[in-house]
There are 2 protein chains.
Amino acid sequence: MVEATRREPSRRERLRAEATEQIMEIALRQMAVDGPGALSLRGIAREMGMTPRAIYSYFPTRDDLVTELIRTFGHGLADALERARDEAPASDPERRLLAWGEALRAWALAHPQGFQLVYGDPLPGYQPPPGEGPVDEAALRICGGLNRLVAACASRPAPTEPDDDWSDFPPAYRARVRAEAPDLTPAVAARALRIWARLHGLVTLEIHGHLRPVYDDPAALYRAEMLDLVRDLGRAAPDA
Amino acid sequence: MVEATRREPSRRERLRAEATEQIMEIALRQMAVDGPGALSLRGIAREMGMTPRAIYSYFPTRDDLVTELIRTFGHGLADALERARDEAPASDPERRLLAWGEALRAWALAHPQGFQLVYGDPLPGYQPPPGEGPVDEAALRICGGLNRLVAACASRPAPTEPDDDWSDFPPAYRARVRAEAPDLTPAVAARALRIWARLHGLVTLEIHGHLRPVYDDPAALYRAEMLDLVRDLGRAAPDA
DNA sequence: TACAGAAGTATACGGCGTGTCATTTTTCTT
DNA sequence: AAGAAAAATGACACGCCGTATACTTCTGTA
């Protein structure tokens, strides 16, 4: 009976899956309401009408729940970005990049707790599991996707690029990038990182409420930044 | 005896000031070691060899301590930025801007907990005091300083700027800016915000450990970004 | 030197959290 | 219909937190 014959999900399994999902949902809401540090198994159990102890059959420890949340959110973001990108035609890389950027901000605003979990300060007391961290896989998907977008748009080199060989990239990342986009130049990879940071900066400032007190229309600011950015990447005429 | 005659600080007052400072120092170390969420009056008292209750003569409540920490850090950052800026000659605004940016990153790396406190997620359970938040004053100092720097460097308008009037700036901020730099244009103010975000993005990514896995030399990346940024601001030749 | 007030101590309360027992209830399989 | 496996239970141990009251010790001053 140990053999894993593929079979219909039994009722028990279905219930288990549903409960697991519900736990995560409630966890998110708790984080959203009382801050990310407020996440607690007991609180979730309370809200589910379960005994605290029962949660432990789903997630053996609090950190396991957190790890799972981070992983889920990371891939959720990566999915959203890829989806947005693919909605624009491949023949128009600039529009794809704009869509990607717009999706980044939209996702962050829609899931501030998730964004915080993935990119923000770690939860107090949280110890990521040894080996590959929970974000790593998703982070590579995201960086990889942006790399290809930037490569497609970059017809003009950046005025200043720190280096033009792979020596400044960690071996693991380098290997990964070369595997999935063999003709990517290191200059483009570095540039993609800088572009990522530009968008990331505006998004985090907005999410943490540092933009609103000084500017009423963060969306416009973000859009302007993206347009400049695409413009700088080349294709369009450099000077108006 | 109620009148506040200015007199030598008595021994008691000196001791009190020292203790207050020590409390804040220990608070910082605790945050640095075990994460910002680990800050606790009891923990501080333990490390000081005091009774938990004793802390209350210095800070009536935990949130008061946090508020004070945030305020201190905010002004510490603002001080560091102004100092760095003033070390370069006023005749060379580009160098001043570069120094400002470099100081931002340096300060953040030197005080990651502080950076988190000022710009990151709020501490779980922390309720800022009503009225003006603890960061607000420092934030205005910082934005104001950057505004002036950008104005000094910007000889060329940004290719894309959302608007060119003050309608998108909140009245409070607008008033403040106009008061201390009457000839600042709204386009420059918006641009300063975007520049701030560019630097902020790289810094936060680095601090939270999202840059290292994909790039070995964050300093070089940061420098390249700053150079591009100054270049875009004009003065230097636009192309090549 | 005597005394007021500040600073510190001891102790306690109520609440929260994670995680572990032995046990009972429910569900699936045979 | 019966027994094995899984899930949920209640009680509990332990530690942390912030905060309050009542008492003691110290310190500056008159």
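Residues numbered from 1 in each chain as written. Chains lettered and ligands numbered in written order. Predicted model: local features only at pLDDT ≥ 70, side-chain atom pairs only at ≥ 80, totals over all residues. Heavy atoms only, no water.

Asker: Talk me through the nonpolar core; I want residue IDs and the actual numbers.
Answerer: Judged by nonpolar contacts, the single largest core of 138 residues is most densely connected at Leu65 and Trp100 of chain A together with Leu65 and Trp100 of chain B. Leaving out residues up to four positions away in the same chain, Trp100 of chain A has contacts with Leu81, Arg85, Ile142, Leu146, Leu149, Trp196 and Leu199 of chain A. (Core = buried A, V, L, I, M, F, W, Y, C linked by side-chain atoms within 4.5 Å. Buried < 20%, exposed > 50% of the residue type's maximum accessible area, 1.4 Å probe, protein only. Contact = heavy atoms within 4.5 Å.)

Asker: Mind laying out the protein's contact with DNA strand C, listing which residues take part and the relevant values?
Answerer: Taken together, 18 residues lie near DNA strand C, and Leu41, Arg42, Arg53 and Thr61 of chain A together with Arg16 of chain B sit nearest. Here DNA strand C approaches the protein such that, of its atoms within 4 Å, sugar and phosphate make up 61%. Arg62 of chain A has a polar backbone atom sitting 3.0 Å from a phosphate oxygen of DNA strand C. The separation between a phosphate oxygen of DNA strand C and a polar side-chain atom of Tyr58 of chain B is 3.1 Å. The set of elements that each furnish at least two residues to the surface near DNA strand C consists of α1 (11–34) and α2 (41–48) of chain A together with α1 (11–34) and α3 (52–55) of chain B. (Near = heavy atom within 4 Å. Polar contact = N/O pair within 3.5 Å; in protein donor to acceptor, adjacent residues only side chain to side chain. Helix = DSSP H or I, 4+ residues; strand = E, 2+ residues; numbered from the N terminus.)

Asker: An account of the confidence of the model for chain A is requested, with residue identities and associated values reported.
Answerer: In regions of low pLDDT, the predicted coordinates are not meant to be interpreted in detail. Residues and elements named next belong to chain A. In the predicted model, chain A carries a mean pLDDT of 89, and 93% of its residues have values of at least 70. Of the regions scoring below 50 in pLDDT, residues 1–6 engages in 0 contacts with residues more than four places distant in sequence or in other chains. Scored below 50 in pLDDT, residues 236–240 shows 9 contacts in the model against residues more than four places distant or in partner chains. (pLDDT = per-residue confidence, 0-100.)

Asker: Give me the protein's contact with DNA strand D: which residues, what numbers.
Answerer: By nearness alone, 19 residues border DNA strand D, and Thr51 of chain A together with Ser40, Arg42, Arg46 and Thr61 of chain B come closest of all. When atoms of DNA strand D within 4 Å of the protein are sorted by moiety, sugar and phosphate together comprise 61%. With respect to DNA strand D, the backbone of Leu41 of chain B contributes an N or O atom lying 3.1 Å from a phosphate oxygen. For the surface near DNA strand D, the secondary-structure elements that each account for two or more residues are α1 and α3 (52–55) of chain A together with α1 and α2 (41–48) of chain B. Ranked by residues supplied to the surface near DNA strand D, first place goes to α2 of chain B with 3 residues. Across the surface near DNA strand D, the residue classes break down as 5 nonpolar, 4 polar and 10 charged. (Nonpolar A, V, L, I, M, F, W, Y, C, P; charged D, E, K, R; others polar.)

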